[in-house]
Amino acid sequence: MTVELKCSSGYLVDHKRSISTGCGSLPYTSIKNVFNTQEPYGQSKSKFTCPNPYENELNDSLPKKKKRKRRLPPNSGEIAALEHHGKIREKILCGIELLSKFDKWNEYFNLNIPEEKGITAGSGCLQASFHNNDFLEAVSTNVLYRHQSTLYPADDDSYKSTDVVNRLVSNEKDDSMLMSIDVATYILPSNSKFFLSDFAYFCKYFVQETGCTKYNMIVIDPPWENKSVKRGAKYSSLPLWEIKKIPVPEMACDKALVVVWVTNKQKYRKFVIEELFPSWSCNLIGEWYWVKLTRKGEMVFDLESTHKKPYEPLIIGQFEIFSDGNSSSGFSAVTKQCGDKSEVLSENESEKNKDQKFSETMIPENQIICSVPCSLHSRKPPLNDIFREYLPQDAACIELFARNLLSNWTSWGNEVRSKIVRFKNWQNSYFSTLV
């Protein structure tokens, strides 16, 4: 279990443990330095800098830059963001305060933990970079090539990248396994599946090529358009009209949970609630917040920072099919309140859907998920253990735009591999060998 602590306000999650758990009985574990945020961002310790005795003299000789003054008033988007932040800041502060009262919180954020040193390529680090250019090129150049059959990899076989692109790859074992692709080796967690393709191929063929599986939970981390993505060129973004093409109604079973990660840009939050969910026949359930903390339990940014916030929202909806077999066209569900929790109930519940219904445990409208963030770009904390209590026992779950694999889940994207070999670029690694 990756959930270290749970209370009425939210969860404390160990993201690093989920990486190690995915290794199963294989002799690997998550390395430590990818979850090693010691201080809030922008407050790095001076002992890591090289002192310059001429620094003050150089600074005096250089022309001083004038600070730019903001001449324009906040635009409508910035005003909306400030208003929304004002509504949720107390929820986040109260949630952290409540979690921090438990002994488990203090044990996890031990202030006397020695600082972890960065490892070197010679210390057993195994590469886990998800941006392998050769592999992504294979995705883009084989868009029209269709396998139309599931691949069940064998331990002793080696595969080419063209063998795994545009098809479902499944590890049916109850333990993790290694899969060799080209010159690299990858970890496949137990009972995990992945589908590696570009977005156009996914929208057109995924449903029919995966046996029309209906999922109880669909987690989506869209590549929203923003300036930092364009500057860093870390991944390709999608316009809003493309995101609406995701075939959620064809993938979801009745009462399926649909969870969408968004940025703190109000434009995207409004788009999900007012346009995306209605177009997918999803009823809004609530909005949770991932709060990013250092290893000492501090927020990685000041909560009142106007540049970046220490939290990211995830919006939760529920897909609904009417008794006539058609999906709903808007927010027609009845919301029933119970304390600080809410439950969305269909007006036309029928016995024939009993096997697909979620647990009677009501899903809270607002919760916080606290964790130390991964240093690799845009890696979100795992949600599988958190939402387990709200799902059927043998729930089918999928993550879209995934960057790694989870046991008992299906992952789609063009970065879903857990690569463990190659010793260059060691700073982007997930795994090290067990001693």
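Per chain, residues are indexed from 1 in the order of the written sequence. Where totals are concerned, whole chains, interfaces and linings use all residues; where local detail is concerned, this predicted model gives features only for residues with pLDDT of at least 70, and gives and counts side-chain atom pairs only at 80 or more. The side-chain figures draw on all heavy atoms in the structure; neither hydrogens nor water molecules are used.

An unreviewed UniProt entry annotates the protein as Methyltransferase 4 isoform X1 of Paramuricea clavata.

Enquirer: Hey, could you run me through the sheet that holds strand 8 (residues 184-188) in this one?
Expert: Hydrogen bonds between backbone atoms are what pair the strands of a sheet, whose relative direction is either parallel or antiparallel. Whether two strands pair comes down to DSSP finding at least two bridges between them. Think of it this way: any DSSP run of H or I at least four residues long counts as a helix, any run of E at least two long counts as a strand, and we number them from the N terminus. Taken in spatial order, the 3 strands of this open sheet run 5-7-8, and their pairing is mixed. One side of each edge strand has no neighbouring strand; the edge strands of this open sheet are strand 5 (158-159) and strand 8. Inspection of the sheet shows strand 7 (residues 177-181) paired to strand 8 by 5 bridges, in the antiparallel sense. When the sheet's bridge partners are listed, Ile181 is paired in strand 8 with Ala184.

Enquirer: What is the right way to look at the pattern of salt bridges in this model?
Expert: Where charged atoms from two side chains of opposite charge approach closely, those side chains can pair. The term salt bridge refers to a pairing of a side-chain nitrogen on Lys or Arg with a carboxyl oxygen on Asp or Glu at a separation within 4 Å. In total, this model carries 16 salt bridges according to the counting rule given. Note that Lys380 is salt-bridged to Asp221, the shortest N-O span being 3.1 Å. Of the two residues, Lys380 sits in the loop between strand 16 (368-371) and helix 12 (384-387) while Asp221 sits in the loop between strand 10 (215-220) and helix 8 (227-232), which places them 159 residues apart along the sequence. Comparing Lys380 with Asp221, the two get one shared label, buried. A salt bridge links Glu312 to Lys292; its shortest N-O distance comes to 2.6 Å. With Glu312 in strand 13 (residues 311-319) and Lys292 in strand 12 (residues 282-292), this residue pair connects regions lying 20 residues apart in the sequence. Relative accessible area decides the class of each residue, using a 1.4 Å probe on protein chains only: under 20% of the type maximum gives buried, over 50% gives exposed, and in between gives partly exposed. Looking at Glu312, the relative accessible area reads 16%, which means it is buried. Taken together, the salt bridges that share partners define one network made up of Asp221, Lys292, Glu312, Lys380 and Arg403.

Enquirer: Got a minute to help me understand the state of the cysteines in this structure?
Expert: Here, disulfide denotes a covalent bond that connects the sulfur atoms of two cysteines. The definition used for a disulfide is geometric: two cysteine sulfur atoms within 2.5 Å. Per the stated rule, a full pass over the model turns up 0 disulfides. The closest cysteine sulfur to the non-disulfide-bonded Cys370 is located on Cys7, 8.7 Å from its own sulfur.

Enquirer: Looking at this model, I keep getting lost on the side chain of Glu399. Mind explaining?
Expert: Of note, Glu399 is situated in strand 17 (residues 397-400). For the buried Glu399, no salt bridge exists, and the shortest N-O distance to an oppositely charged side chain is 6.5 Å, to Arg403. Contacts are residue-level and defined by heavy atoms, with any inter-residue pair within 4.5 Å sufficient. Non-local contacts of Glu399, meaning those with residues more than four positions away in its chain, are made with Val219, Asn404, Leu406, Trp409, Thr410, Ser411 and Trp412. Residues scored as charged are limited to Lys and Arg (positive) and Asp and Glu (negative), so that His and the chain ends carry no count.

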